[in-house]
Amino acid sequence: MYVFLSISILLTICVVMAQLQQGGPDEKEKTTALKDLLSRIDLDELMKKDEPPLEFPDTLEGFEYVFNEKGQLRHIKTGEPFVFNYREDLHRWNQKRYEALGEIITKYIYELLQKECHLKKVTLPVDATESEPKSFIFMSEDALTNPNKLLVLIHGNGVVRAGQWARRLIINEDLDSGTQIPYIKRAIEEGYGVIVLNPNENYIEVEKTKAQVQLSSDSSDEPAEKRERKDKIQKETKKRRDFYEKYRNPQKEKETMQMYIRDNGSPEEHAVYVWDHFISQSAAENVVFVAHSYGGLAFVELMIQREAEVKNKVTAVALTDSVHNVWHQEAGKTIREWMRENCCNWVSSSEPLDTSVESMLPDCPRVSAGTERHELTSWKSFPSIFKFFSKAIEAKNSSVKPTQMRRSNRIKYEEL
């Protein structure tokens, strides 16, 4: 209640101030008085009365939630699904609570990848020192040695990490629709090796020290006069920002800095790095990809940078509502032609699953994923994608065998 009251009062004052500033000297005096009034309002104290501390449990049990036998997140006591608006009128606090739960779920999925799917965690960069920031991927024991098939999974951008398609689905729907676990288990059953990329793990956050904050503001080589003028503007801007920050963030959080992971500072860099150090080194005759949303863009970038290698090793690519753009990414004609033959994009659509959907871009065929929800496209197209892979591998093998047979006959003839 205090929140809405304070916001409404301040909005009214701001409107009045704007009206007064358009008037003469008397109005300007009134504006000064209103500014003085605003400066006396302690928004920190006012907002803290409503917003509880941003301190949350670090386990699912602490949140009083658990995944049931159907993989659905349910409250331990009531059996109800997750409730976002745990405290009414405190959207920011509720959002922070949701994010804290999401971090716990990310760790939970990592555990499932290792315990249920029997994948191993591999540190990146491969030659990382103890002190430098690190990332990781997951892979099956036979990922590099399986001579037949290898499945590579790339999720989209945002808060999701290795093994996830969409955090919202994991929390509000179930593990099957929101994670890559069904793909991994099906792939292992069908004799694939598996590599799970982690393209959003690009940096670690560390708290800034006062010295680092001061250094970042004093590191300019500009002339003193220009720097003084710039500093004055920045101080005024900071003053205004801090004033409004008292509403948005009454419990000021620690200032952090990002330390990027070597050669893995973006999803695109990560895809190329994993290709160079793992996928290209694998023994598999048939490598297939599933790439969702921004993962599709990362795959196209991989193709642009490693075109010959990808064409030689990859048999088929299933995209799910990919956001790639062959024009903006400047993919060449030979790449577009290869994509038309070897890729398929299951897109969000009201049409039934696998119905052809018209494309505005000259790259790969587009078919309906059987859902209009972007985040559900990977789950809804799941059975169709494995059929697509089976047909592609079968077609490749049938086209290779006659060539091998002819070569074998030729050798025998030459020997004779």
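Model, not experiment: these values are computed from the prediction.

1. So, the sheet that holds strand S9 (residues 286-292)
The sheet built from nine strands is open, its strands ordered S3-S4-S6-S5-S9-S10-S11-S13-S12 with mixed pairing. The two strands at the open ends of the sheet, each matched to only one other strand, are strand S3 (120-124) and strand S12 (356-357). In the sheet, strand S4 (residues 135-139) pairs with strand S6 (residues 192-196) via two bridges, with the strands oriented antiparallel. Looking at S6, one finds that methionine 139 is bridged to isoleucine 195. Strand contacts of helix H11 (residues 267-277): S3, S4, S6, S9 and strand S10 (314-320), with the helix running at about 110 degrees to S3, the strand carrying the most contacts.

2. Some words on the pattern of salt bridges
If you walk through the whole model with that rule in mind, you get 13 salt bridges. The salt bridge partner of lysine 77 is glutamate 64, with a shortest N-O separation of 3.2 Å. With lysine 77 in the loop between strand S2 (73-75) and helix H5 (91-115) and glutamate 64 in the loop between helix H4 (60-63) and strand S1 (65-67), this pair connects stretches of sequence that are 13 residues apart. A relative accessible area of 67% places lysine 77 in the exposed class. When the shortest N-O distance is used, the salt bridge between glutamate 375 and arginine 373 registers 3.1 Å. Exposure remark for glutamate 375: the relative accessible area of 11% places this residue in the buried category. Residue arginine 373 is classed as partly exposed on the basis of its relative accessible area, which comes to 34%. Salt bridges sharing partners connect three or more residues here, namely Arg168, Glu173, Arg373 and Glu375.

3. What about the packing of helix H12 (residues 294-305) against helix H14 (residues 333-342)?
Relative orientation of the contacting elements H12 and H14 amounts to 130 degrees, with a least axis distance of 10 Å. Relative to H14, H12 is oriented oblique. Of the two possible hands of crossing, H12 and H14 adopt the one that is right-handed. Two secondary-structure elements touch here, H12 through Phe299, Val300, Met303 and Ile304 and H14 through Ile335, Trp338 and Met339. When grouped by side-chain class, the residues that make up the contact of H12 with H14 number seven nonpolar, no polar and no charged.

About the cut-offs
- Residues numbered from 1 in each chain as written.
- Predicted model: local features only at pLDDT ≥ 70, side-chain atom pairs only at ≥ 80, totals over all residues.
- Heavy atoms only, no water.
- Pairing = 2+ DSSP bridges.
- Helix = DSSP H or I, 4+ residues; strand = E, 2+ residues; numbered from the N terminus.
- Contact = heavy atoms within 4.5 Å.
- Axes fitted to C-alpha atoms, helices over the stretch in contact; angles between N-to-C directions.
- Salt bridge = Lys/Arg side-chain N within 4 Å of Asp/Glu carboxyl O.
- Buried < 20%, exposed > 50% of the residue type's maximum accessible area, 1.4 Å probe, protein only.
- Parallel < 35°, antiparallel > 145°, perpendicular 65-115°, else oblique.
- Left-handed = near helix turned anticlockwise from the far one by under 90°.
- Nonpolar A, V, L, I, M, F, W, Y, C, P; charged D, E, K, R; others polar.

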